[in-house]
Amino acid sequence: MRKRIVMLNGPARCGKDTLAEMLVQRHGFKHFKFTSSLKERVHGLYGMPDKPHDAFDSVKDEKRREFLGPRDAYIKVWEKYLVPMHGEGILIDDLIDKIDNGKDEKIVISDVGFDREANAIFTYYGDQAMLIKLQRTGCDFRNDIRAYVDKKTAMVHGKKGLACRQGLIVNNGTKDELLNQFKYCYNAMYQEILYDQL
C-alpha cells in the first residue's frame, strides 16, 4: 500500500488544524500530531490515562487542578524525563509506528515545527511524503520554539532523482480557498487528483 504523508508547517493560528480537519472530513485522511504521544504519556503520569491527547488543548496555558498547566507539564516531562531517557526522536518514532501500524493510506500531520521531524518523515517515507508551509497575515513564530522547516529538508531522493516535495499556501481567505490551494499542491506533487468524498 502506497501512503501519502502530508506534513503541515506554520505558526499558531495559520490554519494547520483547520486544513487537517477538512482533509479528514472531506477526503478520508487520518490526522496525526507529533505531540499526541507526549500528551498521552503526561496524562498517564498524572493519573488520567483515559484523557485523550487533545483533552486540554483549549486551556493549555491555564493552571489546572489536575496538574501545573497543561503546556508546562508537557514541556517539563519532555525536557526532564523523555529526552534524557529516550532521546529527542521518541515522538518521531512513536508517530512512525502509529502510521505504519495503521491501514490508512492518506495521512496528515498538522504540527511539524522542527527540521528533525520533517527530515525523519522524508527519510523514512521518501517521495510518499510532502511538506506544506502555511502563512497567514498576523501569524508568526514569535515566542515559539518551532519554526518553518528549512527548504533543504524537503529535498527528497525519489524515483526521478532529487525533487523538492514542498508547497506554500498563503491562507488569508476562506476555508474553501485554503482547501483548493492544498488540492493544487497535492495534485502537482503526487500527480493525482484529490476528489471530494461524498
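See above for the structure.
Counting restarts for each chain, with residues numbered from 1 along the sequence as it is written. Whole-chain, interface and lining totals are the exception, using all residues; otherwise, since this is a predicted model, local features are given only for residues with pLDDT of at least 70 and side-chain atom pairs are given and counted only at 80 or more. Based on all heavy atoms of the structure, the side-chain values leave hydrogens and waters out of the count.

**With respect to the overall build of the chain**
For step 1, the next point in the chain: Runs of H or I in DSSP of at least four residues are treated as helices and runs of E of at least two as strands, each being numbered from the N terminus. The number of helices and strands found in the chain is 6 helices and 7 strands.
For step 2, the next point in the chain: Reading the chain from its N terminus to its C terminus gives the helix and strand order β-α-β-α-α-α-β-α-β-β-β-β-α.
For step 3, the next point in the chain: Each residue gets one of three labels from its accessible area relative to the maximum for its type: buried under 20%, exposed over 50%, partly exposed in between, using a 1.4 Å probe on protein chains only. By residue count, 43% of the 198 residues in the chain fall in the buried class.
For step 4, the next point in the chain: Whether two residues are in contact is decided by their heavy atoms: any pair within 4.5 Å suffices. The long-range share in the chain, meaning contacts at least 24 apart out of those at least 6 apart in sequence, stands at 71%.
For step 5, the next point in the chain: Exposure was quantified through the Shrake-Rupley algorithm and a 1.4 Å probe, taking into account, for residues, occlusion by the shown protein chains and nothing else. Carbon and sulfur atoms provide 49% of the accessible area of the chain, an area that totals close to 11200 Å².

**Some remarks on the nonpolar core**
For step 1, the next point in the chain: V6, L19, I132 and F182 are the most contacted members of the largest nonpolar core, which has 22 residues in total.
For step 2, the next point in the chain: At the level of elements, β1 (4-9), α1 (16-27), β4 (129-135) and α6 (175-190) are the ones that each hand at least two residues to this core.
For step 3, the next point in the chain: When residues in this core are grouped by element, the largest group, 7 residues, is from α6.
For step 4, the next point in the chain: Setting aside anything within four residues of it in sequence, one finds L19 in contact with L8, L134, I169, L178, L179 and F182.
For step 5, the next point in the chain: To form a nonpolar core, buried Ala, Val, Leu, Ile, Met, Phe, Trp, Tyr and Cys residues must be joined to one another through side-chain atoms within 4.5 Å. One finds I107, F122, Y125 and L131 within the second-largest nonpolar core, a separate group that totals 19 residues.

**Describing the packing of aromatic side chains**
For step 1, the next point in the chain: Any pair of Phe, Tyr and Trp rings, taking the six-membered ring for Trp, is counted once the centres come within 6.5 Å. Such a pair is stacked with planes under 30 degrees apart, edge-to-face with planes over 60 apart, and tilted for the rest. In the structure shown here, the tally under the stated rule is 6 aromatic pairs.
For step 2, the next point in the chain: Considering the side-chain rings of F29 and Y186, the 6.2 Å spacing of their centres and the 75° angle between planes classify their relative orientation as edge-to-face. With F29 in the loop between α1 and β2 (30-32) and Y186 in helix α6, this pair connects stretches of sequence that are 157 residues apart.
For step 3, the next point in the chain: F29 gets classed as buried once you look at its relative accessible area, which sits at 4%.
For step 4, the next point in the chain: For Y186, a relative accessible area of 1% translates into the label buried.
For step 5, the next point in the chain: Consider the rings of Y186 and Y190, whose centres lie 4.8 Å apart with planes at 65°: the pair is edge-to-face.

**A short note on the pairing of strand β7 (residues 166-170)**
For step 1, the next point in the chain: In β7, alternate side chains face the same way, and those of G167 and I169 are buried while those of Q166, L168 and V170 on the opposite face are not.
For step 2, the next point in the chain: For β4 and β7, the ladder comprises 5 bridges, and the chain directions are parallel. Of the residues in β7, the one forming a bridge with L134 is I169. A pair of strands counts as paired when DSSP detects no fewer than two bridges linking them.

**Describing the pairing of strand β3 (residues 106-109)**
For step 1, the next point in the chain: In β3, alternate side chains face the same way, and those of K106 and V108 on one face and I107 and I109 on the other are all buried.
For step 2, the next point in the chain: Of the strand pairs in this sheet, β1 and β3 are connected by 4 bridges, and their pairing is parallel. Within β3, the position partnered with I5 by the bridge is I107.
For step 3, the next point in the chain: Sheet topology note: the β2/β3 ladder contains 3 bridges and is parallel. The residue bridging H31 from the neighbouring strand is V108, located in β3.

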